[in-house]
Amino acid sequence: VRLILCILYAVLFLLWTKINITQPVRLLEKGVVDFAGRSHGQRNVEALKFEAPAINTDNEVESLSKAIVQMTENMQDYVSDIISAEEKTRNMKELADAMSELAVKDNLTGVKNKTAFSNDTAKIDRDLLSGHDLNFGFAMIDMNYLKKINDTYGHEKGDAALKMEVRIPLIA
């Protein structure tokens, strides 16, 4: 009778272990492996959803399954924050590039200003000192009678004359 009870106990224990531990762990492992394969390099936050198998064991395996679900939800939030930060960084870089461009161009004519001239001459000096062969040229234009145009016809006409004068060397 004891031997039969021991065998019955061992069979029931193995069956309980299979139902409550082995099968749920295998299901959980399969779900995690599938999730890892789908999520690698994924930038679509909605695709980073772990499809948790139905595990209702009221033990550590069920707790582990819930923890993995929570971890993937946290990962979705994290990836979403990273994507948002990348977008903000890209926008800030575009703004910084635009501001840098504005800092070296004359607002009225669009040609390089004195700051750009200073930057360019410093770069040319460095390149020449380094022994680089360079082809470059500078043009300086002095517009005679600009004050007379402004005083006689107004600043709008003076601005138009400056814009036209700037275009002439670009066309030639």
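Fair warning: this is a prediction, and the values are worked out from it, not measured in the lab.

(A) Quick look at the overall build of the protein. Summing up its helical and strand segments, the protein has 5 helices and 0 strands in all. When the helices and strands of the protein are read in sequence order from the N terminus, they spell out α-α-α-α-α. Principal axes of the C-alpha set define a box for the protein whose edges measure 125 × 45 × 25 Å. Within the span of the protein, comprising 172 residues, buried residues form 17% of the whole.

(B) Structural detail: the pattern of salt bridges. Across all of its chains, the model carries 9 salt bridges by this definition. As a salt-bridge pair, glutamate 86 and arginine 43 come within 2.4 Å of each other at their nearest N and O atoms. Taken as a pair, glutamate 86 in helix H2 (residues 60–103) and arginine 43 in the loop between helix H1 (2–39) and H2 lie far apart in primary sequence, 43 residues in all. Judged by relative accessible area, glutamate 86 falls into the partly exposed class, the value being 30%. As a salt-bridge pair, aspartate 127 and lysine 123 come within 2.8 Å of each other at their nearest N and O atoms. Separated by 4 residues within a single helix, aspartate 127 and lysine 123 lie in helix H3 (residues 114–129), roughly one turn from each other. For aspartate 127, a relative accessible area of 17% puts it in the buried group. A residue is classified by how much of its surface remains accessible, and lysine 123, at 43% relative accessible area, is partly exposed.

(C) Spatial organisation of the environment of threonine 115. Checked against the element boundaries, threonine 115 lands in helix H3. Residue classification places threonine 115 among the partly exposed positions, given a relative accessible area of 42%. Placed 23 residues apart in sequence, threonine 115 and methionine 92 show a C-alpha to C-alpha distance of 23 Å. Setting aside anything within four residues of it in sequence, one finds threonine 115 in contact with Ala103 and Val104.

(D) Just the packing of aromatic side chains, in detail. For the structure shown, the criterion picks out 2 aromatic pairs. Geometrically, the ring pair formed by tyrosine 9 and phenylalanine 13 is stacked, given 6.5 Å between the ring centres and 20° between the ring planes. Separated by 4 residues within a single helix, tyrosine 9 and phenylalanine 13 lie in helix H1, roughly one turn from each other. Of the residues examined, tyrosine 9 reaches a relative accessible area of 60% and is grouped as exposed. A ring pair is formed by phenylalanine 35 and phenylalanine 50, whose centres lie 6.0 Å apart and whose planes are at 90°; its orientation type is edge-to-face. Of the two residues, phenylalanine 35 sits in helix H1 while phenylalanine 50 sits in the loop between H1 and H2, which places them 15 residues apart along the sequence. Across the pair, exposure class does not vary: phenylalanine 35 and phenylalanine 50 are buried alike.

Cut-offs applied
Residues numbered from 1 in each chain as written. Predicted model: local features only at pLDDT ≥ 70, side-chain atom pairs only at ≥ 80, totals over all residues. Heavy atoms only, no water. Helix = DSSP H or I, 4+ residues; strand = E, 2+ residues; numbered from the N terminus. Buried < 20%, exposed > 50% of the residue type's maximum accessible area, 1.4 Å probe, protein only. Salt bridge = Lys/Arg side-chain N within 4 Å of Asp/Glu carboxyl O. Contact = heavy atoms within 4.5 Å. Phe/Tyr/Trp six-rings, centres within 6.5 Å; stacked < 30°, edge-to-face > 60°.

Taken by themselves, the reported measurements are silent on function.
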